[in-house]
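Below, each chain spelled out in residue letters.
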Amino acid sequence: MNVTLMVEVFVTLFVIMDPVGTVPIFLSLTSGRSVDHARRAAWQAVTVSFFVIVVFAVFGQGILDYLSISLPALQCAGGLLLLLVALELLTGKDDQPLAANGGNVALVPLGTPLLAGPGAIVATMVFARRVDTFGDLDAVALGIVGVHLVLWLAMRFSLPILKLIRESGVMLVTRIAGLLLSAIAVQMVADAVRAFVEQ
């Protein structure tokens, strides 16, 4: 197995998907829900992210070519979607952002585009192109699985924090998460615009 490639995949996706930075956003999106619901949301978000990453690793370039979608367009769309979520968190329009009306925050925005966003998708597609042997395939697969395991652990063990900080703490975390998420969204859109200009 190509250990160097496995470490490269793990580190790259770890930086892009940012398990530590995901914790405050996860806490704010699952506030007001039961512990069981939050645990289920963590598991579902990681499962959705893993599924999206694997699909794009195998079929990504073909899907984008068939739909005539460029990578900057995908990145800009993801950024705009995250910006909408960030604005809800910042303005406090809803005590449970995107959770109203039975919405499942584990699917959107947690699973995608927050975890399996354009950056992670593009990085995975690049690594998939470097697979020449079964050893390379094992390395990429283990790197992807490892990152998702860390993501699940980060969200799973953030739940005691939610119990500790109470309602006022949740409000603070929600505002911080909104600020961080808006910055991520704006950066994604800016990178997409720059890529459009350079084309």
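None of these values were measured; they are calculated from a predicted model.

### Regarding the overall build of the chain
Reasoning step 1: A count of helical and extended segments in the chain gives 8 helices and 0 strands.
Reasoning step 2: Against the compact-globule benchmark of 16 Å for 199 residues, the chain has a radius of gyration of 17 Å, which places it among compact chains.
Reasoning step 3: Counting all 199 residues of the chain, 41% fall into the buried class.
Reasoning step 4: Within the chain, residue pairs in contact and separated by at least 24 positions form 88% of the contacts whose partners lie at least 6 positions apart.
Reasoning step 5: Separation of charge centres in the chain, based on 11 positive and 13 negative side chains, amounts to 11 Å.

### Topic: the packing of aromatic side chains
One pair of aromatic rings is described through two measures. These are the centre distance and the angle between the planes.
Reasoning step 1: One pass over the structure, following the stated rule, counts 1 aromatic pair.
Reasoning step 2: If you follow arginine 156 out to its NZ or CZ, it ends over the ring of phenylalanine 157, 5.5 Å from the centre.

### Regarding unusual backbone geometry
Reasoning step 1: Residue proline 109 is bonded to the preceding valine 108 through a cis peptide linkage, with omega at 10 degrees.
Reasoning step 2: Relative to the helices and strands, proline 109 resides in helix H5 (residues 106-115).
Reasoning step 3: In this structure, serine 68 is a non-glycine residue whose phi angle is positive, near 55 degrees.
Reasoning step 4: Mapped onto the elements, serine 68 comes out in the loop between helix H3 (35-67) and helix H4 (71-91).
Reasoning step 5: With a relative accessible area of 68%, serine 68 lands in the exposed category.

### What to know about the confidence of the model for the chain
Reasoning step 1: When pLDDT is averaged along the chain, the result is 85, and 93% of the positions lie at 70 or above.
Reasoning step 2: At the level of individual helices and strands, the chain shows its lowest average pLDDT in helix H8 (residues 159-198), which scores 81, and its highest in helix H7 (residues 134-156), which scores 95.
Reasoning step 3: A low-confidence stretch, residues 94-101 stays under pLDDT 50, and its non-local contacts, those more than four residues away or across chains, total 18 contacts.

### What to know about the packing of H3 against H7
Reasoning step 1: Contact geometry of H3 with H7 gives a least axis separation of 9 Å together with a crossing angle of 160 degrees. Relative to H7, H3 is oriented roughly antiparallel. H7 is crossed by H3, and the crossing has right-handed handedness. Side by side, H3 and H7 meet where Arg39, Ala42, Trp43, Ala45, Val46, Ser49, Phe50 and Ile53 of the first sit next to Ile144, Val145, His148, Leu151, Trp152, Met155 and Arg156 of the second.

### Some points on H4
Reasoning step 1: If you check H4, its first and last C-alpha atoms are 31 Å apart, about what 21 residues at 1.5 Å a residue would give, namely 30 Å.
Reasoning step 2: Those residues of H4 that fall on the buried side of the exposure criterion are Pro72, Cys76, Gly78, Gly79, Leu82, Val85, Ala86, Glu88 and Leu89.

### Remarks on the pattern of salt bridges
Reasoning step 1: Counted by the stated rule, this structure contains 2 salt bridges.
Reasoning step 2: For the salt bridge of arginine 130 with glutamate 8, the shortest nitrogen-to-oxygen distance reads 3.0 Å. Placement of arginine 130 in the loop between helix H6 (118-129) and H7 and of glutamate 8 in helix H1 (residues 3-17) is noted, with a sequence separation of 122 residues between them.
Reasoning step 3: When its relative accessible area of 37% is taken as the criterion, arginine 130 is described as partly exposed.
Reasoning step 4: Among the residues examined, glutamate 8 registers a relative accessible area of 32% and is labelled partly exposed.

### Some details on H1
Reasoning step 1: Helix length check: H1 (15 residues) gives 21 Å between terminal C-alpha atoms against 21 Å at 1.5 Å per residue, within 8%.
Reasoning step 2: Along H1, the residues classified as buried are Leu5, Val9, Leu13 and Met17. In an axial view of H1, the angular spread of the buried residues amounts to 75 degrees, which keeps them on one side of the axis. Away from its buried face by more than 90 degrees, H1 exposes Thr4 and Val15.
Reasoning step 3: The inward-facing, buried residues of H1 abut helix H2 (19-30), H3, H5, H6 and H7.
Reasoning step 4: Where H1 begins, the capping side chain belongs to asparagine 2, and its oxygen is found 3.3 Å from the backbone nitrogen of threonine 4.
Reasoning step 5: Backbone geometry just downstream of H1 places aspartate 18 in the positive-phi region, at approximately 50 degrees.

How each quantity is defined
- Residues numbered from 1 in each chain as written.
- Predicted model: local features only at pLDDT ≥ 70, side-chain atom pairs only at ≥ 80, totals over all residues.
- Heavy atoms only, no water.
- Helix = DSSP H or I, 4+ residues; strand = E, 2+ residues; numbered from the N terminus.
- Rg over C-alpha atoms; globule rule 2.2 N^0.38 Å.
- Buried < 20%, exposed > 50% of the residue type's maximum accessible area, 1.4 Å probe, protein only.
- Contact = heavy atoms within 4.5 Å.
- Lys, Arg positive; Asp, Glu negative; His and termini not counted.
- Charge placed at Lys NZ, Arg CZ, Asp CG, Glu CD.
- Phe/Tyr/Trp six-rings, centres within 6.5 Å; stacked < 30°, edge-to-face > 60°.
- Lys NZ or Arg CZ within 6 Å of the ring centre and 35° of its normal.
- pLDDT = per-residue confidence, 0-100.
- Axes fitted to C-alpha atoms, helices over the stretch in contact; angles between N-to-C directions.
- Parallel < 35°, antiparallel > 145°, perpendicular 65-115°, else oblique.
- Left-handed = near helix turned anticlockwise from the far one by under 90°.
- Expected span 1.5 Å × (residues − 1).
- Salt bridge = Lys/Arg side-chain N within 4 Å of Asp/Glu carboxyl O.
- Arc of directions from axis to C-beta.
- Polar contact = N/O pair within 3.5 Å; in protein donor to acceptor, adjacent residues only side chain to side chain.

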